[in-house]
Number of protein chains: 2
Amino acid sequence: MGELVFIGLGIDDGYITLKGLEEAKRCDRVFAEFYTSKVFNLDLGREIEILDRKEIEEGNRIIEAASRESVALLVPGDPMAATTHLQMRLEAMKRGIKVRVICGVSIFSAVPSLLGLENYKFGKTVSIPWPRENFSPKSYYYAIGANYPLHTLVLLDTEPPMSANEGIRILRDIEKEEKKGIITEETLVCVVARAGSDDCFIKCGKAEGIKSTDFGPTPHAIVVPGELHFMEEESLNFFS
Amino acid sequence: MGELVFIGLGIDDGYITLKGLEEAKRCDRVFAEFYTSKVFNLDLGREIEILDRKEIEEGNRIIEAASRESVALLVPGDPMAATTHLQMRLEAMKRGIKVRVICGVSIFSAVPSLLGLENYKFGKTVSIPWPRENFSPKSYYYAIGANYPLHTLVLLDTEPPMSANEGIRILRDIEKEEKKGIITEETLVCVVARAGSDDCFIKCGKAEGIKSTDFGPTPHAIVVPGELHFMEEESLNFFS
């Protein structure tokens, strides 16, 4: 009987853990997927089979391999952040395949950390999808309001990658329609661009002003802070 | 001028990232602190100076070293999860010391991931402190209720380490006084013991039954799930 090891690659090149690396080297076959992120540079000294979105969603190729031999699946961020991987994990478990998860550095904890905001003081995380015809949800706008006085981590669509500028613009447009005072011109907004990379860029400012800042290439993430502890405020001041 | 690099060690031995390891090897001096966790096994092939709680809270020894040379501080989990490190970071920035943060695998994202629960569906994280004379807060009990239908990650006091059994017992005792139906006998509770380690143990069950389970050595963490997606439910079933 085989096994399936999900291994988190973390938030950028170099964020794979020693344990993850060891497992990937030990397994008979190594797969990876990058369809919602950039392609990571990885040098395992061995072949890595890159899967496309369809192969991940169907899951057959992985499950079949894992029912015969030990298989590692390398996933950007934390390997269980996306539902598709949970589905694959459940399918493997149902078939009696031994499954393990080697957690990775996740954007969920990295963004608060980089900003100097307390993880304890975040409410529900939201994400902004690209508006499509007949699909322009506003729930994330209201969730930011409902989280207050807690902070909100706002993740952005990855297909294609949404910039923080576009995200803030969408939030401001909803504000103009809904007028609940959740993202006014004056609302403090923080942007973390390329979290974890050597050219990570962090900037905080009022929504109206910051929305035209050049943050450089994606990925970007947004935080809308709630009530700030004085140390959190001091930290954000360094990025304003 | 020196520099200060905060490096996350992650949730257990082997969870340091390649980038963290590289930075620690590059720096002139390497410090570590383990006063709220177990001592990590680390083989950097060089001296690591272990700091006690007092030295971390005062921060002088680190700040002085970092104003002259490049200094790495190794911290369990993610390096910015605790306020003491944020304080040190701010102090260093005020003095013009170059500061960087190499994020680590955090219990905040690892526990949801190991359980197969969606990170998006968690509300505010709470923690249970040891009850002391004139200090028996109940806010965490009410926060679990307020988070519903979102899940709640419940972290446990580390000084000394609180077991999940003690945590659940404290929650049940508050329930008996407050009677809000937040942690009844029947409430589903999940326990993750030794997250990330090779003998990680995960168990889900009703509060009254699970509170006498032997989870083995600490660290333990608790999750009180809210409304479950069918895939989340299926995942928790594997651990019941």
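Remember, it's a predicted structure, so these values are computed and weren't measured experimentally.

So what about the nonpolar core? Which residues, and what values?
Core analysis: the biggest nonpolar cluster contains 117 residues, and Leu4, Leu73 and Leu115 of chain A together with Leu4, Leu73 and Leu115 of chain B have the highest contact counts within it. Residues contacting Leu115 of chain B, with those up to four places away along its chain left out, are Arg89 of chain A together with Cys190, Val192, Ile202, Cys204, Val223, Ser235, Leu236 and Phe239 of chain B.

With reference to specific residues and values, describe the domain arrangement of chain A.
Residue and element names in this part refer to chain A. Considered domain by domain, chain A is made up of domain 1 (3-102) and domain 2 (107-237). Computed from C-alpha atoms alone, the centre-to-centre distance between domain 1 and domain 2 is 29 Å. Each side of the interface is counted separately: domain 1 has six residues, and domain 2 has seven residues. Considering only the surface of domain 1 that becomes buried against domain 2, Ile11, Asp12 and Thr36 emerge as the three largest contributors, covering 64% of it. At the junction of domain 1 and domain 2, the tally comes to one salt bridge.

I'd love a proper account of the pairing of strand β8 (residues 188-193) of chain B, names of residues and values included.
All names here are of chain B. Counting buried positions over the six residues of β8 gives five, a clear majority of the element. As paired strands, β8 and strand β9 (residues 201-206) are joined by six bridges and run antiparallel to one another. Looking across to β9, one finds that Cys190 is bridged to Cys204. With four bridges joining them, β8 and strand β10 (residues 220-224) adopt antiparallel strand pairing. Residue Ala193 lies in a different strand from β10, and its bridge partner there is His220.

Tell me about the state of the cysteines, residues and numbers included.
Simply put, the disulfide is a covalent bond whose two ends are the sulfur atoms of two cysteines. The tally for this structure, following the rule as stated, stands at zero disulfides over all chains. Free cysteine Cys27 of chain A: the closest other cysteine sulfur is in Cys103 of chain A, separated by 16 Å. Exposure remark for Cys27 of chain A: the relative accessible area of 3% places this residue in the buried category. Summary of cysteine pairing: Cys190 of chain B is not part of a disulfide, and the nearest cysteine sulfur, belonging to Cys204 of chain B, is at 3.3 Å.

Which residues make up the sheet that holds β8 of chain B, and what values do they have?
All names here are of chain B. Judged by pairing direction, the sheet is mixed, and its five strands sit side by side in the order β6-β7-β10-β8-β9 without closing on themselves. At either end of the open sheet lies a strand with only one pairing partner, and these are β6 (126-128) and β9. Neighbour-to-neighbour, the strand axes of the sheet open up by a mean angle of 25°, direction not taken into account. Packed on one face of the sheet, helix α7 (residues 164-178) meets β6, β7 (152-156), β8 and β10 and runs near 40° to β10.

Report on the relation of the copies chain B and chain A, specifying residues and quantitative values.
Once turned by 180° and shifted 0.0 Å along the axis, chain B lies on chain A with an RMSD of 0.0 Å. The relationship between the two copies is best expressed as a two-fold rotation axis.

Explain unusual backbone geometry to me, using residue names and the numbers behind them.
Here the residue pair Thr218 of chain A and Pro219 of chain A is connected by a cis peptide bond, since its omega of 5° sits within 30 degrees of zero. Within the fold, Pro219 of chain A resides in the loop between α8 (207-210) and β10 (220-224). Residue Pro149 of chain B is reached from Tyr148 of chain B by a cis peptide bond, and omega for that bond is 10°. Look at Arg194 of chain B: it is not a glycine, yet its phi comes out positive at around 55°. Looking at the secondary structure, you find Arg194 of chain B in the loop between β8 and β9.

Report on empty space enclosed by the protein, specifying residues and quantitative values.
Residue and element names in this part refer to chain B. Inspection of every chain in the model, using the stated rule, returns four cavities of 30 Å³ or more. Broken down by element, the residue count for the lining of the largest cavity peaks at three residues, all from helix α5 (residues 107-115). Taken together, the residues that form the lining of the largest cavity break down as seven nonpolar, eight polar and two charged.

Scoring rules and cut-offs
- Chains are numbered independently. Their residues run from 1 in the order of the written sequence.
- Following the order in which they are written, the chains are lettered starting with A and the ligands numbered starting with 1.
- Local features in this predicted model are restricted to residues whose pLDDT is 70 or higher, and side-chain atom pairs enter the listing and the counts only when it is 80 or higher, whereas totals over whole chains, interfaces and linings include all residues.
- The side-chain figures draw on all heavy atoms in the structure; neither hydrogens nor water molecules are used.
- Only buried residues count toward a nonpolar core, which is a set of Ala, Val, Leu, Ile, Met, Phe, Trp, Tyr and Cys residues joined through side-chain atoms within 4.5 Å.
- Classification of residues uses two cut-offs on accessible area relative to the type maximum, computed with a 1.4 Å probe and protein chains only: under 20% is buried, over 50% is exposed, and between them is partly exposed.
- It only takes one pair of heavy atoms within 4.5 Å for two residues to be counted as in contact.
- What fixes the domain bounds is an automatic or database domain assignment.
- A quick way to say it: buried area is the sum, across both parts, of accessible area lost when two parts are put together, with a 1.4 Å probe.
- Salt bridge, as applied in this entry: a Lys or Arg side-chain nitrogen positioned within 4 Å of an Asp or Glu carboxyl oxygen.
- Only runs of H or I of at least four residues qualify as helices and only runs of E of at least two qualify as strands under DSSP, and these elements are numbered from the N terminus.
- Two strands form a pair only when DSSP identifies at least two bridges running between them.
- Throughout, disulfides are identified as pairs of cysteine sulfur atoms within 2.5 Å of each other.
- Interaxial angles span 0 to 180 degrees and are taken between N-to-C directions of axes, which are lines fitted to C-alpha atoms, for helices over the stretch in contact.
- For this overlay, a least-squares fit was computed on C-alpha atoms, restricted to residues scoring pLDDT of at least 70 in both copies.
- Only protein atoms enter the 1 Å grid used here, on which a cavity is any set of points holding a 1.4 Å probe that cannot leave and a pocket is any open set flanked by protein within 12 Å on both sides along at least five of seven lines; residues with an atom within 4 Å of a point are listed as lining.
- Grid points are joined across faces, edges and corners, and a volume is the space filled by probe spheres set on the points.
- Under the scheme applied here, ten amino acids are nonpolar (Ala, Val, Leu, Ile, Met, Phe, Trp, Tyr, Cys and Pro), four are charged (Asp, Glu, Lys and Arg), and all others, including Gly, are polar.

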